[in-house]
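# Commentary on secondary and tertiary structure
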Amino acid sequence: MSDLIQRKSDHLDIILDPSRRVKTRTTGFERWRFEHCALPELSLDRIDLHTALFGKTLRAPLLISSMTGGTRRAKSINRHLGEAAQALGLAMGVGSQRVALESEQDWGLTRELRQLAPDIPLLANLGAAQIAGKSGTEYARRAVGMIEADALIIHLNPLQEALQHGGDHDWRGVLAAIAHTVEALPVPVIVKEVGAGLSVPVARQLVDVGVAMLDIAGAGGTSWAAVEGERAVSPQARAVAMAFSDWGIPTAQALTELHQALPHVPLIASGGIADGIDAAKALRLGADLVGQAAGVLSCATVSGEAVVDHFQVMIEQLRIACFCSGSGSLRDLRQAKLVPAE
């Protein structure tokens, strides 16, 4: 368990250190731009960004994506994120709850988090490897119950596990375990990748077993291959990992393909979302929600107010993107003209 906790701490150190970030491929959003509307005939202040998730109203279509679980720092980070999500009316996904389930250290992943954020959609989180284990269903129920979650995220990270020292290498039976979890839980199940994207064939498999929502989590954001390369125990292991630093389906490509193939499946776009303009593009390309994790992590180490400030900027950028594309609501934004960038 101490190795697992150290690994989680290493992940935070690497993501928070600009000098250790490896340049990977882009998200693909830079290939698109909105056609500017010089005569919007709208009031900027009256643009409606409200949406809903699992029966709860959001004041903007944003998800504070799963970030961290299992380290001492995670307690304050999750508190700051929960405070901000409640203040702004955004959804929040917690980091992996594995350590909290397998040790006496909950690091703030308790009903205390729900008390901080009583009105928002709060999403529990476990890895596919844990779901596929012999205690998978029990873990899933406990993960949901310990924070009174509205849904469970199951994250898929086969590339990271393949490159990780001591990672889970046997992924046989994962789909069946997800199907069993869907049947066993009283709340919806969301499945997300962690930065390499979801393909259409995989998405179809997940939808067919009852998964309620998919998080694209495409390439262009944090490269977990590069993160594991930074943690590698030998030069050889680092060389293996770094070869995969740009592996994956770019977020915009994965989003476009999934929305075209499965137009009625709710989608979360995450993976390298830089600002509110990226968020607007993602919503136009088919996302129902837009998630951000690493982009707000440094603020989350400071205070809830810093997280609020960060997302207020992003929300205002999204609002102005709506205004200048002639979109008075999210429904209108999804019809706005998006053209290839020159």
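Each chain carries its own residue numbering, running from 1 in the written order of its sequence. Owing to the predicted nature of the model, reporting of local features is limited to residues with pLDDT of at least 70; listing and counting of side-chain atom pairs is limited to 80 or more, with chain, interface and lining totals taken over all residues. To obtain the side-chain values, all non-hydrogen atoms of the structure were used and water was disregarded.

## Thoughts on the overall build of the protein
Put simply, the rule reads: Numbered from the N terminus, helices here are DSSP runs of H or I no shorter than four residues, and strands are runs of E no shorter than two. Accessibility here uses a 1.4 Å probe with only protein chains present; expressed as a share of the type maximum, an area under 20% marks a residue as buried, one over 50% as exposed, and anything in between as partly exposed. Contacts: residue pairs with any heavy atoms within 4.5 Å of one another. Here, Shrake-Rupley sampling with a 1.4 Å probe gives the accessible areas, and only protein chains in the shown set may cover a residue.
Within the protein, the regular secondary structure consists of 16 helices and 12 strands. The 342 residues of the protein split such that 55% are buried. Long-range pairs, those at least 24 residues apart, make up 77% of the contacts in the protein between residues at least 6 apart in sequence. Taken as a whole, the protein presents about 14900 Å² of accessible surface, with 50% of it coming from carbon and sulfur.

## A short note on the UniProt feature "binding site: FMN" (unreviewed entry) in the protein
For clarity, the threshold we go by: UniProt positions are given in the numbering used here, feature names are shortened, and annotations may be inferred rather than shown by experiment. As used in this structure description, the phrase polar contact means that two N or O atoms lie within 3.5 Å; if the pair is within protein, one of them must be able to donate a hydrogen and the other to accept it, and residues adjacent in sequence are counted only when both atoms belong to side chains.
This chain's UniProt record puts "binding site: FMN" (unreviewed entry) on S65, S66, M67, T68, S96, N125, K192, T222, A293 and A294. Assignment of secondary structure puts S96 in the loop between β5 (91-93) and α3 (98-102). There is a polar contact of 3.3 Å between the side chain of S96 and the backbone nitrogen of R98. The exposure class assigned to A294 is partly exposed, which follows from its relative accessible area of 38%.

## Details of the pairing of strand β7 (residues 151-156)
Here is the rule we go by: Think of it this way: DSSP has to see at least two bridges between two strands before they count as a pair.
Within β7, six of the six residues are buried, which leaves the element mostly enclosed by the surrounding structure. Because side chains alternate across β7, one face comprises the buried residues A151, I153 and H155, and the other comprises L152, I154 and L156, equally buried. As paired elements, strand β6 (residues 122-127) and β7 share five bridges and run parallel to each other. Looking across to β7, one finds that G127 is bridged to H155. Judged from the five bridges that link them, β7 and strand β8 (residues 189-193) form a sheet pairing that is parallel. Across the sheet, residue L156 finds its bridge partner in β8, namely E193.

## Observations concerning the pattern of salt bridges
Going by this rule: When a carboxyl oxygen of Asp or Glu lies within 4 Å of a side-chain nitrogen of Lys or Arg, that pair is called a salt bridge.
Here the structure, examined in full by the defined rule, presents 11 salt bridges. For D215, the salt bridge identified is with K192, shortest N-O distance 4.0 Å. Of this pair, D215 sits in strand β9 (residues 213-215) while K192 sits in strand β8, and the two are 23 residues apart along the sequence. One network of salt bridges, with partners in common, ties together K56, R114 and D150.

## Thoughts on the environment of P61
Considering the arrangement of structural elements, one finds P61 in the loop between β3 (56-58) and β4 (62-64). Residue contacts for P61: discarding those within four places in its chain leaves L49, T51, L283, D288, L289, V290, L318 and L330.

## Overview of the sheet that holds β9
Through backbone hydrogen bonds, the strands of a sheet pair up, either in parallel or in antiparallel fashion. The condition that has to hold: Axes, fitted as lines to C-alpha atoms, cover a helix only where it is in contact. Angles between the N-to-C directions of the axes lie from 0 to 180 degrees.
Overall, parallel pairing links the eight strands, which are arranged β4-β5-β6-β7-β8-β9-β10-β11 in a closed barrel. Between one strand and the next, the sheet's axes are offset by a mean angle of 25°, whatever the strand orientation.

## Notes on the UniProt feature "binding site: Mg(2+)" (unreviewed entry) in the protein
Annotation from UniProt places "binding site: Mg(2+)" (unreviewed entry) at E161. Mapping E161 onto the fold places it in helix α7 (residues 158-163). Looking at E161, the relative accessible area reads 7%, which means it is buried. Those residues in contact with E161 that lie beyond four places of it in its chain are G167, D168, H169 and W171.

## Looking at the packing of aromatic side chains
As a reminder of what qualifies: Side-chain rings of Phe, Tyr and Trp, where Trp is taken by its six-membered ring, are said to pair if the distance between their centres is within 6.5 Å; with planes under 30 degrees apart they count as stacked, over 60 as edge-to-face, and otherwise as tilted.
Counted under the stated rule, the structure contains one aromatic pair. Between F244 and W247 the ring centres are 5.2 Å apart and the planes differ by 55°, which places this aromatic pair in the tilted class. Residue F244 is classed as partly exposed on the basis of its relative accessible area of 27%. On the basis of relative accessibility, which here comes to 53%, the residue W247 falls in the exposed class.

## Considerations on helix α13 (residues 276-284)
Of all nine residues making up α13, seven are buried, and the element is well covered by its neighbours. By the burial criterion, the buried members of α13 are G276, D278, A279, A280, K281, A282 and L283. Among the residues of α13, the N-terminal cap falls to D275, whose side-chain oxygen and the backbone nitrogen of I277 are separated by 3.1 Å. G286, located one to two residues past α13, shows a positive phi value of around 130°.

## Some details on unusual backbone geometry
The backbone phi angle of E41 is positive, close to 50°, even though this residue is not glycine. Even without being a glycine, A217 presents a positive backbone phi close to 40°. One can find A217 in the loop between β9 and α10 (224-230). The buried category is assigned to A217, whose relative accessible area is 3%.

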